[in-house]
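For reference, the chains in residue letters:
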Amino acid sequence: MNANRLLLFLLLLSVTLKGYAQEAFEGEIIYKNSFQSKNSSVTSEQMRVLLGDKQEYFIKSGNYKSCTNGVGITMQLYIGETNRLYNKTSRSDTLYWFDADVKSDAVISYELVKNKEKILGEDCDALILKTQGGQTTYFYTSKYPVDFTKYQMHSYGNWNYYLSKAKSVPLKIVVDNEQFKMESVAQKIEARELPDDFFAISVDTPIKKTK
């Protein structure tokens, strides 16, 4: 193959691969949350009121924002450029941040179960992450991909570990430990363009580092 034909072949191959490549999901997922307390001092209803039974999750290009109707933490914002997580409570306008490279309960093993459950009409695989404190199961489909390289430093909650295996946003999450069991199930998912300033923090917003 001469140089001109080789160049043409590589160009066509590049165009073909781009055509097959999936773009990372950008948009909103609405989850319904339910709780089962295993702690005698906290009821399931108290957990629902505190954490909220509805969650609106927005994601775009290494950033995400999660808003709930709970009375505790009402919003969590992740900015990929700084690898910071910001939390807002219902009692204050202040955003409290911490570095997302904080390692929590390390994963000791994982299991992948194919076609475990159908969610929103999609056949989902289940990725079960087992830790010393319990286990978290993520249900996902490759239809909603995520560029996991943008979250490689997001160790908090083992989010980078999950994305390195699934490379997709979850449609269902089940957290089961000694204190509680929580299920978050997607009720709606909508791919749509989000403006870049959707994740911006106003210059007037008070910001403090979590102690």
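What you see is a predicted model; the values in this text were computed from it and never measured. (Residues numbered from 1 in each chain as written. Predicted model: local features only at pLDDT ≥ 70, side-chain atom pairs only at ≥ 80, totals over all residues. Heavy atoms only, no water.)

1. Quick look at the overall build of the chain
Scanning the chain from terminus to terminus reveals three helices and twelve strands. Across the 211 residues that make up the chain, the buried fraction comes to 37%. Counting every atom, the chain has about 12800 Å² of accessible surface; 52% of that belongs to carbon and sulfur. (Helix = DSSP H or I, 4+ residues; strand = E, 2+ residues; numbered from the N terminus. Buried < 20%, exposed > 50% of the residue type's maximum accessible area, 1.4 Å probe, protein only. Areas by Shrake-Rupley, 256 points an atom, 1.4 Å probe, with all protein chains shown as cover.)

2. Points about the layout of surface pockets
As a volume, the largest pocket reaches approximately 1200 Å³. Around the largest pocket sit 36 residues that line it, and Gln-76, Tyr-156, Gly-157, Val-175 and Met-182 are the ones nearest its centre. When contributions to the lining of the largest pocket are tallied by element, the ones reaching two or more residues are β1 (27–37), β2 (54–60), β3 (63–68), β4 (73–79), β8 (122–131), β9 (134–145), β10 (168–177) and β11 (180–191). Broken down by element, the lining of the largest pocket gets its largest block of residues, five residues, from β10. Among the residues forming the lining of the largest pocket, the class breakdown is 16 nonpolar, 18 polar and two charged. (1 Å grid on protein atoms, 1.4 Å probe; cavity = no way out; pocket = protein on both sides within 12 Å on 5 of 7 lines; lining within 4 Å. Points joined across faces, edges and corners; volume = space filled by probe spheres on them. Nonpolar A, V, L, I, M, F, W, Y, C, P; charged D, E, K, R; others polar.)

3. Quick notes on the sheet that holds strand β6 (residues 95–99)
Judged by pairing direction, the sheet is mixed, and its twelve strands sit side by side in the order β7-β8-β9-β10-β11-β1-β2-β3-β4-β5-β6-β12 without closing on themselves. Of all the strands in the sheet, the pair left with one neighbour each is β7 (107–119) and β12 (207–209). Taking each pair of neighbouring strands and ignoring which way they run, the sheet shows an average axis angle of 20°. Relative to β9, β8 runs antiparallel, the two being bridged by seven bridges. Within β9, the position partnered with Ala-126 by the bridge is Phe-139. On top of the sheet, helix α2 (residues 44–51) reaches β1, β3 and β11; it is set at about 155° to β1, its chief contact. (Pairing = 2+ DSSP bridges. Axes fitted to C-alpha atoms, helices over the stretch in contact; angles between N-to-C directions. Contact = heavy atoms within 4.5 Å.)

4. A few points about helix α3 (residues 159–166)
Taken residue by residue, α3 has Trp-159, Asn-160, Tyr-162, Leu-163 and Ala-166 as its buried positions. End-on view of α3: buried residues confined to an arc of 160°, all on one side of the axis. Where α3 is buried, its residues touch β2, β3, β8, β9 and β10. Immediately downstream of α3, the backbone of Lys-167 shows phi near 55°, a positive value. (Arc of directions from axis to C-beta.)

5. Considering a nonpolar patch on the surface
Together, Val-49, Leu-50, Leu-51 and Val-71 make up an exposed nonpolar region whose accessible area comes to about 300 Å². Mapped onto the fold, Leu-50 is located in helix α2. (Patch = residues over 30% accessible without salt bridge, like charges linked within 9 Å, V, L, I, M, F, W, Y side chains within 5 Å. Salt bridge = Lys/Arg side-chain N within 4 Å of Asp/Glu carboxyl O.)

6. What about the confidence of the model for the chain?
If pLDDT is low for a region, its predicted coordinates should not be looked at in detail. Confidence in the prediction for the chain averages 91 pLDDT; 90% of positions are at 70 or higher. Within the chain, the element-level pLDDT minimum falls on helix α1 (residues 3–20), averaging 47, and the maximum on β10, averaging 98. Counted against residues more than four places away or in other chains, residues 13–21, with its pLDDT under 50, gives zero contacts. (pLDDT = per-residue confidence, 0-100.)

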